[in-house]
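Summary of structural features
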Amino acid sequence: MTELTTTQAAPRPSLLREIRRYALFALLALMVIGFWYVQPAFIRSANLFSILQAVSVVAILGVGVSITMAADGFDLSVGSVAASSVMAASYAMVVWQMDAAETMALVLLMGALIGLANGLLIVRVGVPDLLATLATMFLLTGLQLIPTGGRSITAGMVLPDGSTVPGTFDPAFLILGRSRLLDLVPLSVVAMALVALVAWFLMERTRWGRVFYAIGGNETAAHLSGAPTKAYRLSAYVISGTLASLGGLIVASRVGRGDVSAGNSLLLDAVAASLIGYAVLDKRRPHVIGTVVGAIFVGVLLNGLTMLNAPYYTQDFVKGVVLVGALAATFGLGKKR
Amino acid sequence: MRGDKRHPPPHPTQPTSRSQRTLPQAASAIAVSVAGIEKSFGPTRALAGADLAVASGEVVALMGANGAGKSTLVKILSGSHTPDAGTITLDGKAITFASPSAAKAAGIATVHQATDQAGAAGLTVAENLALDELCSPGGRFLVSNRSIRKRAREIAALIDLDLPLDRDFVDLRPAERQLIAIARAVAASASLLILDEPTSSLSATEAERLFAVVRRLRDSGMAVLYISHRLGDLAAIADRAVVMRGGRIVGAFARPIDFPAAVAAMIGRPLEAATHRGEASTAPVVLSVKGARLVAGAAPFDLELRSGEVVAITGTLGSGKSRLLRALFGLATLAEGTFGLDGKPWLSSGPGQSIENGVFMVAEDRWQSSLLPPEVPGASIAGTIALPHLKRWFPGGLLRTKRERKVAAEAIARLGIKARGPDDTLDELSGGNQQKVVLARWQAAPCRLLLLDEPFQGVDVGARADLIAAIRGSQSGSATLIATSDTEEALEVADRILVMRNHSLHAAEDGHGPLSDRIDRVEGEETAGDPR
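Presented here is an overview of the structure given in this document. Not measured: the values here are computed from a predicted model. (Residues numbered from 1 in each chain as written. Chains lettered and ligands numbered in written order. Predicted model: local features only at pLDDT ≥ 70, side-chain atom pairs only at ≥ 80, totals over all residues. Heavy atoms only, no water.)

Now for the pairing of strand S3 (residues 59–64) of chain B. Residues and elements named next belong to chain B. When you tally the buried positions in S3, you get 6 out of 6 residues, the bulk of the element. Neither face of S3 is exposed, since Val 59, Ala 61 and Met 63 on one face and Val 60, Leu 62 and Gly 64 on the opposite face are all buried. Pairing of S3 with strand S8 (residues 223–227), which is carried by 4 bridges, proceeds in the parallel orientation. Across the sheet, residue Ala 61 finds its bridge partner in S8, namely Tyr 226. Judged from the 5 bridges that link them, S3 and strand S9 (residues 240–245) form a sheet pairing that is parallel. Bridge pairing in S9 links Gly 64 to Met 244. (Buried < 20%, exposed > 50% of the residue type's maximum accessible area, 1.4 Å probe, protein only. Helix = DSSP H or I, 4+ residues; strand = E, 2+ residues; numbered from the N terminus. Pairing = 2+ DSSP bridges.)

Here we take up the packing of aromatic side chains. Residue and element names in this part refer to chain A. Within the structure shown, the criterion is met by 8 aromatic pairs over all chains. On the basis of an interplanar angle of 45° and a centroid distance of 6.4 Å, the ring pair of Tyr 22 and Phe 25 is categorised as tilted. Of this pair, Tyr 22 and Phe 25 both sit in helix H1 (residues 14–38), 3 residues apart, roughly one helical turn. Phe 25 sits in the partly exposed class, given a relative accessible area of 32%. Across the ring face of Tyr 213, the terminal group of Arg 285 is positioned such that the distance to the ring centre comes to 4.6 Å. (Phe/Tyr/Trp six-rings, centres within 6.5 Å; stacked < 30°, edge-to-face > 60°. Lys NZ or Arg CZ within 6 Å of the ring centre and 35° of its normal.)

Another point: a nonpolar patch on the surface. Side chains of Leu109(A), Leu113(A), Leu116(A) and Leu120(A) sit close together on the surface and give an oily, nonpolar patch of about 330 Å² of accessible area. With respect to the element layout, Leu113(A) can be found in helix H4 (residues 100–125). (Patch = residues over 30% accessible without salt bridge, like charges linked within 9 Å, V, L, I, M, F, W, Y side chains within 5 Å. Areas by Shrake-Rupley, 256 points an atom, 1.4 Å probe, with all protein chains shown as cover. Salt bridge = Lys/Arg side-chain N within 4 Å of Asp/Glu carboxyl O.)

All names here are of chain B. With respect to topology, 4 strands assemble into an open sheet ordered S12-S11-S14-S15, the strand pairing being antiparallel. In this open sheet, the two strands that pair with only one neighbour each are strand S12 (301–306) and strand S15 (344–346). On average, each strand axis in the sheet is tilted by 20° relative to the strand beside it, whichever way the strands run. Here strand S11 (residues 285–293) pairs with S12 via 5 bridges, running antiparallel. Considered in S12, the bridge of Ser 288 is made with Glu 304. Contacts between helix H11 (residues 321–329) and the sheet are confined to S11, S12, strand S14 (336–341) and S15, with S14 contributing the most and set at about 60° to the helix. (Axes fitted to C-alpha atoms, helices over the stretch in contact; angles between N-to-C directions. Contact = heavy atoms within 4.5 Å.)

All right, on to helix H10 (residues 229–255) of chain A then. Every α-helix carries 3.6 residues per turn, so stepping three or four residues along brings you back to the same face. Residue and element names in this part refer to chain A. If you check H10, its first and last C-alpha atoms are 39 Å apart, about what 27 residues at 1.5 Å a residue would give, namely 39 Å. For H10, the tally of buried residues reaches 19 of 27 residues, placing the bulk of the element in the interior. Taken from the residues just after H10, Gly 256 is the one with a positive phi, measuring 75°. (Expected span 1.5 Å × (residues − 1).)

We now examine the interface of chain B and chain A. Contacts between the two partners involve 46 residues from chain B and, on the opposite side, 34 residues from chain A. Taken together, chain B and chain A are joined by 1 salt bridge. Glu404(B) is paired through a salt bridge with Arg210(A); the nearest N and O atoms lie 2.8 Å apart. Our count for the chain B to chain A interface comes out at 10 residue pairs in polar contact (both at pLDDT 80 or more). Secondary-structure elements contributing two or more residues to the side of chain B that touches chain A are strand S2 (44–55), helix H12 (351–356), helix H13 (366–369), helix H15 (390–393) and helix H17 (431–443) of chain B. (Polar contact = N/O pair within 3.5 Å; in protein donor to acceptor, adjacent residues only side chain to side chain.)

Here you go:
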């Protein structure tokens, strides 16, 4: 018999908890209804799918970021990996005259290798994750400008050595960004849904996901439980890099040219989506569903505000407000369960 | 120096029938007293109405098993925690402390077990001695090195401390850091000095020097509250022993202190009855260690553990207990020597390989080494138990929570874990129940060698008895090796006890003879000789 009295914990204040769990969904529904009321065109399926199409790249990058965050890391290089992938895909087709399949394989491989380099820098060399991926970000941002002398890549452009490029974008490549499934769902949205589904399954339903989170929660405990923690952390960056290059492929196939400024806001948007995701279902941790919902949340808000003629330059401010609110709600309210 | 006993034997060996003496009225004025102190942390009630008085010029030993509430009481007295109920009276005035500095200002000085917090690294001995004045808000704006050294010399003289004033604090040995902390307490003219496990990292000669300082402070009228596991220390220094259990004071013993009775009060039953007689086992050898040197230059040692045997290793902080366990688990390497497991050579490359081969380790400090924060998936009782076994239980990768919840439900029933169910997160459980979950994790798979490092840290005596029953009751034919710095814990759990000293293993006792002799043999072996 123990003499320390263990009192049964009181049942959780379930109403408050339920409210917090679904708060972001409720806000999302409120927003949709509000924008619909003010601007009936908002609810048209074409507009809704254009919102999803607009957020698909951010959501895919965000899933990668949230997987690295689950393993207590951080990938600041996703934006620049996506931007370099845009340039690499364009260069491969326009200069090297590769076809769509070869280009995609090359770019995804490049993303995985950059992720591997990030991971080795962090796990093997021991550079802190933020610094390592920040360095990679700078490296890639500069590197992508060198082959073309800082110019965007289009068919018929003139290279720095004075020659004219021989190739063009493979029409098959443009299908990914420009065509729709059943004439309704953009393929990029399908890609986002697939990525989200696979990543959700991996992170929430398999032992590998459990170990990713265990490493993020307590790396020593995971290590002493026999998990190869370094391999897991490395693979998180490889996944993140690969997903970022997939995002880049979608951008390139939608734009149809290698635009040097393509990836400008992707990093911050992806990180914001992951962080807003903390509040979704009151998980207080990075998770796949939350990241996707976070990206959609921001997308709906921006689309609605644009329809209401809010100026373009207010967008970053609005994102900031949402992020601060979501984080404060996650960490501040009811810290003690 | 070896075999040189520094303490008189604790007490005549007659097992007295729990002769709890009444508290003698202290001759001089009560310096500090606490009454009806209560404190709860979540579901755990750490203090349930503790009363304690220490007189000026008296050394009171506060005894208690892990989780009895000693450290909570110390933290309340030193201002780190505020009590839920009860009063603290210092020099006749009722007081409350808002912070550690308030307690210090009121005259209560605490020397903590972790001596790295006794001063600031990067500062010299002189600067550390004068630190209180350097940090005080009303202190002088400009200080010269000369004035610091002058003040430091004055403070050092108070306890005859003879240390080079220019040495950096980080280069000091634990004993020297402790003396700096005591000197600062004396300089602040504290009326109560609390020493928390002060000898846990000291050699015999260092401990003797500490005792001399404490005796002098006592004779000059300071009240001293001395917390220790080591009965030998208490015999040497304590005027009175107060025993805590379950957050209350359950016994007080005047000099000469009847240690078997005090220990019985500590664990709630006679220790004799709780100990195990080591039988000469003929079971097959599970673990053999041959010619092992833990670090270069240490004496080599051999060790054999047989199937079903539970062996405890005691020893002071930093003596190498954890290192041996870590080497067996593949986290450290031997300087020399070999391990054998079930007759085959054993050299682990790391936790993964160890776990596959049935060598399991429960590391020290469960929150740091074993448990996950509550927001992480798999932080429930079920997930915590399953973590090392995921690969074997779910080879396809797909989690089936039914399986891990079933194992958890069995563990909850078998170990008497107080929880609502397998989905409770660990932060909702008391320390003893958390440790039961950690033990259940490693009993959820077939085991050959179970390594437990300080398994009873922050565990109350009731849960400790449950844990011991679970450790000893496991019928899998495995061997168990336990590292603990607590002699009574070792006596309670083990068939025989070995002592680690200077990174080398010494056979202390084999479970025979009267209890107080066994305690004496273990503690004598622990402090024999001098490190270095």
